6 protein chains.
Amino acid sequence: MPFVKIEVTREGVTKAQKQALIKGVTDLITEVLNKDPHLTHVVIQEHDLDDWGYAGEQVSELRARGITADKK
Amino acid sequence: MPFVKIEVTREGVTKAQKQALIKGVTDLITEVLNKDPHLTHVVIQEHDLDDWGYAGEQVSELRARGITADKK
Amino acid sequence: MPFVKIEVTREGVTKAQKQALIKGVTDLITEVLNKDPHLTHVVIQEHDLDDWGYAGEQVSELRARGITADKK
Amino acid sequence: MPFVKIEVTREGVTKAQKQALIKGVTDLITEVLNKDPHLTHVVIQEHDLDDWGYAGEQVSELRARGITADKK
Amino acid sequence: MPFVKIEVTREGVTKAQKQALIKGVTDLITEVLNKDPHLTHVVIQEHDLDDWGYAGEQVSELRARGITADKK
Amino acid sequence: MPFVKIEVTREGVTKAQKQALIKGVTDLITEVLNKDPHLTHVVIQEHDLDDWGYAGEQVSELRARGITADKK
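Residues numbered from 1 in each chain as written. Chains lettered and ligands numbered in written order. Predicted model: local features only at pLDDT ≥ 70, side-chain atom pairs only at ≥ 80, totals over all residues. Heavy atoms only, no water.

Peer 1: I'd like a description of the overall build of chain A, backed by residues and values.
Peer 2: The secondary structure content of chain A amounts to 2 helices and 4 strands. The order of α-helices and β-strands along chain A, N terminus first, is β-α-β-β-β-α. Over its C-alpha trace chain A gives a radius of gyration of 15 Å, far above what one expects of a compact globule, namely 11 Å for 72 residues. Reported as C-alpha extents along the three principal axes, the dimensions of chain A are approximately 45 × 20 × 20 Å. The buried share among the 72 residues of chain A stands at 58%. Counted over contacts in chain A with a minimum sequence separation of 6, partners at least 24 positions apart contribute 62%. Summed over its atoms, the accessible surface of chain A is roughly 2,800 Å², and 50% of this surface lies on carbon and sulfur atoms. Side-chain charges of chain A comprise 10 positive and 12 negative groups, with the mean position of each set lying 4 Å from the other. (Helix = DSSP H or I, 4+ residues; strand = E, 2+ residues; numbered from the N terminus. Rg over C-alpha atoms; globule rule 2.2 N^0.38 Å. Buried < 20%, exposed > 50% of the residue type's maximum accessible area, 1.4 Å probe, protein only. Contact = heavy atoms within 4.5 Å. Areas by Shrake-Rupley, 256 points an atom, 1.4 Å probe, with all protein chains shown as cover. Lys, Arg positive; Asp, Glu negative; His and termini not counted. Charge placed at Lys NZ, Arg CZ, Asp CG, Glu CD.)

This is the structure in structure tokens:
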């Protein structure tokens, strides 16, 4: 009976990326925990950049200064 | 001191339905746990159909194929 | 596809009370939103009294001073 | 590794107030728990007044009757 | 800046399974969203069987009747 | 009507530290948002080190290698 929530900043996540996350997490749980996927729900929740703070600063401010969350 | 969150897909839940959920859950908790209702908060959070996955698929895709969550 | 979380202080909630909450919330959602109950999950999460703060004070301290959350 | 979520009703919280909350909570955790702020994330989530219930009533209804959440 | 929470019933999930979930979800998010993994936190939260309700019944009761969540 | 949840790893947070977090967050919200503190609830939730993953690794493994979350 897993319930998974993925919270991310709202920065242009596409419908296809969301589907890839949903499918990937559900498959992972099915494989690792042997759970029936019909009992697994995955919810993606996006937050505006003013609403997410990292190290005490709004992400909107970090982005304005050119600081991204991209993999190096 | 209860806090209740109800997460559902965004599919036309009306203001009256929300009020019925809030009233119903608060009354239930008052009755079962004998809690002062002034300490009970209930929050309803709706998620877009692209953001909710069930059994590895976006609900938007399930609905497009005619699969609903309606009680049979 | 509802997911409901009920967070309360850990103050002797019995198994039967938990079942009453689970049954009551599921029935309410089925009735108000016409949802298939097989898509509704309800989770009860208890928190120790040191971990819940109300009006700036730990509930453990409030209880020690005789302040309860009981319905009047 | 702290993660903090602040849930409030959507009633005109400004970007500057959000920044003050993010900075204040991060500083508090750094000071009290001695945590590296680069591991602290703070998320603010606003809920519409129809979606938040207090004592069994929608906040939208409470506000319409002149009942506020303001400090006295 | 993703934060992921995986909620499951407490039914003997091992440390190695938890590590597999953490690694798998982090890799998935890095790959799909191109996020720096040093900004991704994954939390696994287990709930006792009396605390999780499905279709209006406690999972402890479902398990006692031989109903599992295993993949068929 | 704020509800705040602070999630941290379980690494010896004392009752006094919890009280300092609860008081500090409640005061901050009262000051920044002018909210009546009797409507503010703060919950602290600790997670075992095996249950929290950072950058794809369990915190229990990071700690075993001498990597802390302490402020430098």
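Peer 1: Describe the relation of the copies chain C and chain E, naming the residues involved and giving the relevant values.
Peer 2: Mapping chain C onto chain E calls for a screw motion: a turn of 120 degrees about the axis and a shift of 0.0 Å along it, with 0.0 Å RMSD after fitting. What the rotation and shift describe, once combined, is the action of a three-fold rotation axis. Nearest to the rotation axis, the C-alpha of Gln-45 of chain C is located 6.0 Å from it, this being the minimum over chain C. Interface residue correspondence from chain C to chain E reaches only 6%, placing this contact among heterologous pairings that use different surfaces. (Least-squares fit on C-alpha atoms with pLDDT ≥ 70 in both.)

Peer 1: Could you give me a rundown of helix α1 (residues 15–33) of chain B, with the residues and numbers involved?
Peer 2: Look at α1 of chain B: 27 Å from first C-alpha to last across 19 residues, which is about the 27 Å you get at 1.5 Å a residue. Among the residues making up α1 of chain B, those that are buried are Lys-18, Leu-21, Ile-22, Val-25, Thr-26, Leu-28, Ile-29, Thr-30, Val-32 and Leu-33 of chain B. Elements that come into contact with the buried residues of α1 of chain B comprise β1 (3–9) and β2 (41–47) of chain B, β1 (3–9) and α1 (15–33) of chain C together with β3 (52–54) and β4 (57–58) of chain D. Positioned one or two residues after α1 of chain B, Asn-34 of chain B has a phi angle of 60 degrees, which is positive. (Expected span 1.5 Å × (residues − 1).)

Peer 1: For the sheet that holds strand β1 (residues 3–9) of chain F, give the residues involved together with the corresponding values.
Peer 2: Here we have 8 strands laid out as an open sheet, ordered β4(A)-β3(A)-β2(D)-β1(D)-β1(F)-β2(F)-β3(C)-β4(C), and mixed in their pairing. The open sheet has two free edges, formed respectively by β4 (57–58) of chain A together with β4 (57–58) of chain C, since each of these has just one partner strand. When strand β3 (residues 52–54) of chain C meets strand β2 (residues 41–47) of chain F, the two strands line up antiparallel, connected through 3 bridges. Across the sheet, residue Tyr-54 of chain C finds its bridge partner in β2 of chain F, namely His-41 of chain F. Against the sheet, helix α1 (residues 15–33) of chain F touches β3 and β4 of chain C, β1 (3–9) of chain D together with β1 and β2 of chain F, its axis set at about 140 degrees to β2 of chain F. (Pairing = 2+ DSSP bridges. Axes fitted to C-alpha atoms, helices over the stretch in contact; angles between N-to-C directions.)

Peer 1: Now, about the environment of Phe-3 of chain A: what can you tell me, with residues and values included?
Peer 2: On the secondary structure map, Phe-3 of chain A appears in strand β1 (residues 3–9). Phe-3 of chain A sits in the buried class, given a relative accessible area of 3%. In sequence terms Phe-3 of chain A and Thr-26 of chain A are 23 residues apart; their C-alpha atoms lie 9.8 Å from each other. For Phe-3 of chain A, the contacting residues outside a window of four places in its chain are His-41 and Val-43 of chain A, Glu-7 and Trp-52 of chain B, Phe-3 of chain C together with Lys-5, Ile-6, Glu-7 and Trp-52 of chain E.

Peer 1: How would you sum up the interface of chain C and chain E? Please name residues and give values.
Peer 2: Listed per partner, the contact involves 17 residues of chain C and 14 residues of chain E. Summing both sides of the interface, chain C and chain E together bury roughly 1,400 Å²; the carbon and sulfur share of this comes to 47%. Taken together, chain C and chain E are joined by 4 salt bridges. With a closest N to O distance of 2.6 Å, Glu-7 of chain E and Lys-5 of chain C form a salt bridge. Those elements that provide at least two residues to the side of chain C that touches chain E are β1, α1 and β2 (41–47) of chain C. Here the residues of the side of chain C that touches chain E sort into 6 nonpolar, 6 polar and 5 charged. (Buried area = accessible area lost by both parts, 1.4 Å probe. Salt bridge = Lys/Arg side-chain N within 4 Å of Asp/Glu carboxyl O. Nonpolar A, V, L, I, M, F, W, Y, C, P; charged D, E, K, R; others polar.)

Peer 1: Outline the UniProt feature "active site" (unreviewed entry) in chain A, supporting the account with residue identities and numerical values.
Peer 2: The sites that carry the UniProt feature "active site" (unreviewed entry) are, in the present numbering, Pro-2 of chain A. As for its position among the elements, Pro-2 of chain A is in the segment before β1. Residue classification places Pro-2 of chain A among the buried positions, given a relative accessible area of 2%. Not counting chain neighbours up to four residues away, the residues in contact with Pro-2 of chain A comprise Ile-29, Lys-35, Leu-39, Thr-40 and His-41 of chain A together with Glu-7, Val-8 and Trp-52 of chain E. (UniProt positions renumbered as here; feature names shortened; annotations may be inferred.)

Peer 1: I'd like a rundown of the pairing of β1 of chain F, residues and numbers included.
Peer 2: Of all 7 residues in β1 of chain F, 7 are buried; the element is thus mostly enclosed. Of the two faces of β1 of chain F, the one holding Phe-3, Lys-5, Glu-7 and Thr-9 of chain F and the one holding Val-4, Ile-6 and Val-8 of chain F are both buried throughout. In the sheet, β1 of chain D pairs with β1 of chain F via 5 bridges, with the strands oriented antiparallel. Across the sheet, residue Ile-6 of chain D finds its bridge partner in β1 of chain F, namely Val-4 of chain F. When β1 of chain F meets β2 of chain F, the two strands line up parallel, connected through 7 bridges. Looking at the pairing, Phe-3 of chain F lines up with His-41 of chain F of β2 of chain F. Regarding topology, α1 of chain F serves as the crossover connection from β1 of chain F to the parallel β2 of chain F, and that connection is right-handed. (Right-handed = clockwise from strand over helix to strand, strands pointing away.)

Peer 1: Before we move on, could you go through the side chain of Arg-63 of chain C and cite the residues and values that matter?
Peer 2: On the secondary structure map, Arg-63 of chain C appears in helix α2 (residues 59–64). Residue Arg-63 of chain C is classed as buried on the basis of its relative accessible area, which comes to 18%.

Peer 1: For the interface of chain A and chain E, give the residues involved together with the corresponding values.
Peer 2: Residue-level contacts link 35 residues of chain A with 35 residues of chain E. Around 3,000 Å² of area is buried between chain A and chain E when both sides are counted, 69% of it from carbon and sulfur atoms. Our count for the contact surface shared by chain A and chain E stands at 4 salt bridges. Among the ionic pairs, Lys-72 of chain E bridges to Asp-36 of chain A, the shortest N-O distance being 3.9 Å. The interface formed by chain A and chain E holds 10 residue pairs in polar contact (both at pLDDT 80 or more) in total. Of all the elements in the fold, those that place two or more residues in the side of chain A that touches chain E are β1, α1 (15–33), β3 (52–54) and α2 (59–64) of chain A. In terms of residue count, α1 of chain A provides more of the side of chain A that touches chain E than any other element does, 10 residues in total. Of the residues contributing to the side of chain A that touches chain E, the split by class is 21 nonpolar, 5 polar and 9 charged. (Polar contact = N/O pair within 3.5 Å; in protein donor to acceptor, adjacent residues only side chain to side chain.)

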